[in-house]
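Overview (structure and organization)
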2 protein chains.
Amino acid sequence: MARISGEFAVIERYLAPLAQGAAGAFSLKNDAAVLQLEPGARLVTTVDCMIAGRHFLPDDPPETVAKKLLRVSLSDLAAMGAKPLAYLLSASWPQDLEESWLAAFCLGLAADQSRYDVTLVGGDTTATPGPMTLSLTAFGTLAGAAVLDRSSLKPGDDLYLSGTLGDAHLGLRLLRGEIPGLPPVPRDGLIQRYRCPDPRVDLGQALLERGLAGAAIDVSDGLAQDLGHLLAGSGVGAVVRLQDLPVSDAARQALDQAGETRAGLLSGGGDYELLFGAAADRRDALTALAADLSLPLTRIGEARRDPGLAVLDAAGREVQLESTGWTHF
Amino acid sequence: MARISGEFAVIERYLAPLAQGAAGAFSLKNDAAVLQLEPGARLVTTVDCMIAGRHFLPDDPPETVAKKLLRVSLSDLAAMGAKPLAYLLSASWPQDLEESWLAAFCLGLAADQSRYDVTLVGGDTTATPGPMTLSLTAFGTLAGAAVLDRSSLKPGDDLYLSGTLGDAHLGLRLLRGEIPGLPPVPRDGLIQRYRCPDPRVDLGQALLERGLAGAAIDVSDGLAQDLGHLLAGSGVGAVVRLQDLPVSDAARQALDQAGETRAGLLSGGGDYELLFGAAADRRDALTALAADLSLPLTRIGEARRDPGLAVLDAAGREVQLESTGWTHF
C-alpha cells in the first residue's frame with residue numbers, strides 16, 4: 001500500500017475536493033479562508049481534538065473516525081442552537097499512514113458534508129512522530145440574538161434528554177472486550193453508536209427557534225458531569241430519577257449481560273445527546289417537537305433550588321455515584 | 001515541580017483569564033464561542049499546528065512557543081489584509097508537563113493578546129502520549145469586499161519583501177549547532193527571530209486599505225516555495241535578483257561564518273515576512289508606507305509572463321536552487 005507523501009499533493013487530491021462548495025476556501029490554496037455571514041447573523045465556533053488511542057481506537061474504520069471528528073464539533077454547535085456552516089481541519093498524520101486510510105477518511109467527511117450541509121474551508125496538515133492527532137474547528141451561525149447557554153436553568157425547570165443514554169459507553173466497553181458474550185445484535189448497534197454519534201443539530205436549532213429551552217449542553221463526558229456544568233453555570237441543583245432515564249433495548253441487554261444496573265450509565269460519555277431545561281408549561285410543545293423530529297425527548301428530572309445533583313432510584317432513595325465522568329487529564 | 005492535573009482546574013486557572021475580554025467566550029465554560037462582527041464585515045479564519053521537535057524545539061522557552069503559535073496564524077491573517085480579532089486554542093499536552101511550563105506559556109499568550117489586540121475565545125485541552133501538539137485557530141475581519149489573495153499577480157508587477165530574509169532560518173541552524181563560533185551578537189538576535197517572528201499585521205491591512213497590492217503571501221516555508229504558490233495561483237512567472245534581497249547585518253555575519261552565499265536563504269523558512277506584488281506606479285506610495293510603518297519594503301524582482309522562477313546573481317546569470325523549501329511530510 002502506498003504511504004502518503006507530499007503535503008501539497010495530499011491537499012490537492014483529497015482535501016481540496018471537500019472545499020469545492022465554498023468560494024472563500026480558495027480551493028485550499030490560501031492559508032486562510034473567508035466566511036461571509038448573513039446580515040445580522042452571529043458566528044458560533046468550537047474546536048475539538050481527537051487523539052488515536054484516546055478519543056478513538058486505532059483500528060476504528062477511517063470513515064467513522066472522520067465522522068466522529070466532525071460530529072463531536074457539530075454537537076457543540078447544536079448545544080448552542082447554531083446552524084452548521086463550515087469547518088477547518090488541522091491534521092497531524094503519523095509518518096507511516098497509508099494513503100488508503102486517508103482516502104477513506106475523506107470519504108467519511110464527504111458523506112457528512114452532504115448530511116449536515118457543511119463544507120471544509122481550510123486547515124493545516126503536518127506529520128507527527130506521535131499518535132494521529134486531529135483537531136477540527138467548526139463554524140455555525142445564529143440568526144437572532146438568542147443562544148442556548150449553560151446559565152439559564154431555573155428551579156422548577158424540567159430536565160430533558162434526547163435519544164437514549166449509555167449506548168456509546170457500552171459500545172466502547174464492548175470494543176474493549178469488557179462485556180463478552182453479547183450477540184451481534186445488539187452488539188454492533190452499540191458499537192456504531194460509540195463510533196458514530198448523531199449530533200442533535202436539528203433539535204438544538206428547533207429548541208432555540210421555538211423558544212422551548214434556554215439552557216442546554218451536549219452529553220459528551222457523562223450525564224452526571226455535564227449536568228453538573230449546567231447546574232454550576234446556573235447556580236441551581238437538580239433531581240434525576242434513574243427509572244426515567246431513556247435506555248435503549250440494546251443497552252438494556254448489554255447491562256443485563258454485564259450484570260450491572262443503569263446507575264453506571266450516568267458517568268458514561270460519548271452519547272452526544274442534548275440535555276436541556278424547559279419550563280413546565282412547555283411539555284406539550286416538546287411532545288410535538290419530539291414527533292416532528294422523530295426523536296425521543298424524555299423528562300428525566302427537574303432543576304431545584306437546593307444545590308447539587310440528587311439521583312433517585314425507583315424507591316425514591318438517593319443513589320451515590322462512583323464516578324461522575326470523563327476528564328481529559 | 002507540580003504536574004498539571006485536572007482539565008477544568010487548568011482551564012479556570014490559566015486559560016479563562018485570557019478570555020476575560022470577550023463576552024462570547026462565556027469564560028470558557030461553554031464548548032463553543034459566539035463572535036459578533038461589525039455589520040458588513042467578513043470573517044477570515046486560519047488554523048496552524050505546531051508539534052514539539054518539529055515546529056519548535058522542546059527546550060524553547062514556553063513564552064516564545066506561545067507567541068510563535070499565535071503569530072504564525074496572525075501572519076496568515078496579515079497575508080490576506082485582515083485585522084486580528086480572536087483565537088481558539090486546541091492543546092494536547094504531554095502527561096508529564098510541568099505546571100510552571102503552562103503558566104509561562106499563558107504569560108506569553110497574555111503579552112501577545114495585548115500587543116495584537118486579540119482574545120482567546122475557546123478551545124480544547126487534551127493529554128497526549130506523543131509530543132506536545134498545539135493547534136491554534138485565528139480569526140480576523142475584513143471591513144470591505146477586497147482581500148489580498150494569491151491569484152492577482154500580473155506580469156510587470158514589482159515583487160516586494162518586507163523586513164529581512166533568512167534570519168529565522170539562520171537562527172534555527174545556530175540552535176542546532178550548525179554554525180559554531182558566532183558571537184552572542186548577532187547570534188542571539190537571529191535565534192530570537194526564529195523563536196518569535198513578527199507577523200506583518202499592520203502592513204497587510206495597509207496594503208489592502210491603500211489599494212497598493214492585490215497578491216500577497218507570508219514567507220513561512222521559504223521564499224522560493226511561497227513565491228511559487230503566488231506564481232502558480234496567478235499563472236505568471238518571476239525574476240528575483242539575489243543582490244536585491246534584504247539581508248540583515250546579522251544574517252550576513254552568520255553566512256560569512258558558515259562560508260555560504262545568500263542563495264540558500266531562498267529556501268529557508270520561518271521569517272513570516274510578507275511577499276507581495278504591486279504595480280510599478282505604486283513605488284512612491286510604498287516608499288511612504290515603509291516610512292509610516294518603520295519597516296523596510298524591498299523590491300526584489302518582478303513578475304513576468306514567462307512561467308517559472310528565475311533567480312539571477314549579481315552578474316545577471318541564472319542560479320539553480322538546491323531546494324525550494326519546507327514541506328510538512
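Residues numbered from 1 in each chain as written. Chains lettered and ligands numbered in written order. Predicted model: local features only at pLDDT ≥ 70, side-chain atom pairs only at ≥ 80, totals over all residues.

For the rest of this paragraph, the subject is the overall build of chain A. Across its full length, chain A holds nine helices and 12 strands. C-alpha extents for chain A along the principal axes are approximately 65 × 55 × 35 Å. By residue count, 54% of the 329 residues in chain A fall in the buried class. Contacts in chain A between residues at least 24 apart in sequence constitute 86% of all its contacts with a sequence separation of at least 6. (Helix = DSSP H or I, 4+ residues; strand = E, 2+ residues; numbered from the N terminus. Buried ≥ 20, exposed ≤ 12 C-beta atoms within 10 Å, placed from the backbone. Contact = placed C-beta atoms within 7 Å.)

Residues and elements named next belong to chain A. In terms of domain boundaries, chain A breaks down into domain 1 (7-142) and domain 2 (158-319). With 18 residues of domain 1 in contact, the opposing surface of domain 2 contributes 18 residues. Broken down by element, the residue count for the side of domain 1 that touches domain 2 peaks at 10 residues, all from helix 2 (residues 62-78). Residue classes in the side of domain 1 that touches domain 2 are distributed as nine nonpolar, three polar and six charged. (Domains from an automatic or database assignment. Nonpolar A, V, L, I, M, F, W, Y, C, P; charged D, E, K, R; others polar.)

Mapping between the two chain copies consists of a rotation about an axis together with a translation along that axis. With an RMSD of 0.0 Å, the fit of chain A onto chain B corresponds to turning through 180 degrees and sliding 0.0 Å along the axis. Taken together, these values place the two copies in the relation of a two-fold axis. It is Gly130 of chain A whose C-alpha, among those of chain A, lies nearest the rotation axis, at 2.2 Å. Most of the interface of chain A is mirrored in chain B, where 96% of its interface residues are also at the interface. (Least-squares fit on C-alpha atoms with pLDDT ≥ 70 in both.)

This part covers the interface of chain A and chain B. With 54 residues of chain A at the contact, the number on the chain B side is 54 residues. Taken together, the elements giving at least two residues each to the side of chain A that touches chain B come down to strand 1 (33-35), strand 2 (42-51), helix 2, strand 3 (83-94), strand 4 (119-128) and strand 5 (133-142) of chain A. Here the side of chain A that touches chain B takes nine residues from strand 2 of chain A, the largest share from any one element. Class assignment for the residues of the side of chain A that touches chain B results in 23 nonpolar, 21 polar and 10 charged.

Residues and elements named next belong to chain A. Relative to the helices and strands, Gly140 is located in strand 5. Judged by the 29 C-beta atoms lying within 10 Å of it, Gly140 is buried. C-alpha of Gly140 to C-alpha of Leu77: the two residues are 63 residues apart in sequence and 6.4 Å apart in space. Discounting chain neighbours no more than four positions away, the residues touching Gly140 are Val44, Leu77, Ala82, Lys83, Pro84 and Leu85.

Here we take up helix 3 (residues 99-116) of chain A. All names here are of chain A. Compared with the 26 Å implied by 1.5 Å per residue over 18 residues, the 26 Å span of helix 3 between its first and last C-alpha is a close match. Buried within helix 3 are the following residues: Leu102, Phe105, Cys106, Gly108, Leu109, Asp112, Gln113 and Tyr116. Buried positions in helix 3, seen along its axis, are confined to an arc of 150 degrees and lie on one side of it. Structurally, helix 3 contributes buried residues whose contacts are with helix 1 (7-15), helix 2, strand 3, strand 4 and helix 6 (201-209). The positive-phi residue at the C-terminal boundary of helix 3 is Asp117, with phi of around 55 degrees. (Expected span 1.5 Å × (residues − 1). Arc of directions from axis to C-beta.)

Residue and element names in this part refer to chain A. Of the two faces of strand 7 (residues 216-219), the one carrying Ala216 and Asp218 and the one carrying Ile217 and Val219 are both buried. Where strand 7 lies against strand 9 (residues 273-278), four bridges are found, and the strand directions are antiparallel. Paired with Asp218 across the strands is Leu274, a residue of strand 9. (Pairing = 2+ DSSP bridges.)

Residue and element names in this part refer to chain A. Helix 6 packs onto helix 2 with a crossing angle of 10 degrees between their chain directions and a minimal axis gap of 8 Å. In terms of axis orientation, helix 2 runs roughly parallel to helix 6. On the side of helix 2, the interface is formed by Leu74, Leu77 and Ala78, while helix 6 contributes Val201, Leu203 and Gly204. Across the contact of helix 2 with helix 6, the residue classes tally to five nonpolar, one polar and no charged. (Axes fitted to C-alpha atoms, helices over the stretch in contact; angles between N-to-C directions. Parallel < 35°, antiparallel > 145°, perpendicular 65-115°, else oblique.)

Our next topic: the sheet that holds strand 11 (residues 309-312) of chain B. All names here are of chain B. Across the sheet, seven strands lie side by side as 7-9-6-10-8-11-12; this open sheet has mixed pairing. Every other strand in the sheet has two partners, leaving strand 7 (216-219) and strand 12 (318-319) as the edge strands with one partner each. Inspection of the sheet shows strand 11 paired to strand 12 by two bridges, in the antiparallel sense. Paired with Val311 across the bridge in strand 12 is Val319. Docked against the sheet, helix 6 (residues 201-209) engages strand 6 (158-162), strand 7 and strand 9 (273-278), running at close to 15 degrees with respect to strand 9.

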